[in-house]
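A look at the structure
Chain by chain, the residues:
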Amino acid sequence: MKSHSPILLLLLLLLTSLPSGASTPYLDLVDEADKACSEGHWEEAEHKLLEAIEYDRENPGNILLMSNLGLIRYNLGKDSLALDILTEAHRKAPSSVVILSNRARVLTSMGHDEDALADYELIMDLDSAAVNARFNHAMLLMRHHRYNEAKSDLEYLVRHFPTAEETMIGNATMHCTMGEYEEALPYYNELLRNAKEADYLGGRALCNLMTGRLQEASDDIAEALHLTPDDGELYLYRAALNKMRFRPADADADARRAVELGVDPARVVQYIQQ
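The paragraphs below set out a description of the structure included in this document.

Rules behind the numbers
- Here the residue index of a chain counts from 1 through its sequence in written order.
- The predicted origin of the model limits local features to residues at a pLDDT of at least 70 and limits the giving and counting of side-chain atom pairs to 80 or more, whereas totals for whole chains, interfaces and linings rest on all residues.
- Remark: hydrogens and water are excluded; side-chain values derive from all non-hydrogen atoms of the structure.
- Helix numbers and strand numbers start at the N terminus; a helix is a DSSP run of H or I with at least 4 residues, a strand a run of E with at least 2.
- By definition here, a helix of n residues has an expected span of 1.5 Å times n minus one.
- Only protein chains enter the area calculation, which uses a 1.4 Å probe; residues under 20% of their type maximum are buried, those over 50% are exposed, and those in between are partly exposed.
- Any carboxyl oxygen of Asp or Glu within 4 Å of a side-chain nitrogen of Lys or Arg constitutes a salt bridge here.
- Here a polar contact is recorded for every N or O atom pair within 3.5 Å, except that within protein the pair must consist of a potential hydrogen donor and a potential acceptor, and residues adjacent in sequence are included only if both atoms are side-chain atoms.
- Contacts between residues were defined by any pair of non-hydrogen atoms, one from each residue, lying within 4.5 Å.

1. Quick notes on helix α6 (residues 97-109)
Note that an α-helix has 3.6 residues per turn; residues three or four places apart therefore point the same way. Here α6 spans 18 Å end to end across 13 residues, near enough to the 18 Å set by a 1.5 Å rise per residue. Every buried residue belonging to α6 is among Ile 99, Leu 100, Asn 102, Arg 103, Ala 104, Val 106, Leu 107 and Thr 108, and all of these are buried. In the segment just after α6, Gly 111 is the residue with positive phi, at about 85°.

2. A few points about the pattern of salt bridges
Under the defined criterion, the tally for this structure stands at 20 salt bridges. Across the salt bridge formed by Glu 51 and Lys 48, the nearest N and O atoms sit 3.9 Å from each other. Taken together, the residues Glu 51 and Lys 48, both in helix α3 (residues 42-55) and three residues apart, mark about one turn of the helix. Glu 51 gets classed as partly exposed once you look at its relative accessible area, which sits at 32%. Taken together, the salt bridges that share partners define one network made up of Glu 32, Lys 48 and Glu 51.

3. Structural notes on the side chain of Asn 62
Looking at where Asn 62 falls in the secondary structure, it is placed in helix α4 (residues 62-75). Here Arg 57 takes part through its backbone oxygen, which lies 3.3 Å from a polar atom of the side chain of Asn 62. Those residues in contact with Asn 62 that sit more than four places away from it in its chain are Tyr 26, Ala 52, Ile 53, Asp 56 and Arg 57.

4. Observations concerning the environment of Asn 132
For Asn 132, the position within the fold is in helix α8 (residues 131-143). The exposure class of Asn 132 is partly exposed, given its relative accessible area of 38%. Remark: the alpha-carbon pair of Asn 132 and Ala 224, spanning 92 residues in sequence, is separated by 25 Å.

Structural data, given as structure tokens:
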């Protein structure tokens, strides 16, 4: 049985109201858009959704199609058009958390952080269990050094959703940002109990470096590099580790590799031999 992409579950909802095997041009267009999305053919998906909306302008499902169209345009780099269609969809369905979440994502990518924060706040008002919205709200606040407000979001997540991945990532990030590496470690340990992700290993490696646990840092960096061998940040961490171990030649080699992989040279200059 075909599994439809999450952004086009409307098709399945509409099909339940039709006789078995029935179809309509509208549903056919939505299905074609679904297939195009699953294959990453965003321009075709955009075209098919526009056709579906035009074919049946009064169909209540168009609101979700407009939301989906916003994400498709975002994937095509058409941020302004994505924002326009999502704003129109929000006017038609002001209580839709999905639409607000999609618009907040686009607003963030465009650098309109205050507007994105406002959308996340609307989502949190509509649905206090919207973990992802509260997490994104906290991360945006941290970007703007509004740490007390971000801390409030993260404390809420700890109280109500202590085992959520977002809760652990957000708190690990906050503690690292504040230089509280010892406090960040339990969150990374818990994340890594659930999934051996390179980002989590890298985060824990940094905490171990900053707290003097050099062997633990070395093990985490090695495991993370096995998963993502072209991650410049990991080479930067290993350069720092090698410097701490009084291995300047190895630190130099890792620092230069980090620069090759896109790390800002200003961050690695202290590890490069003159």
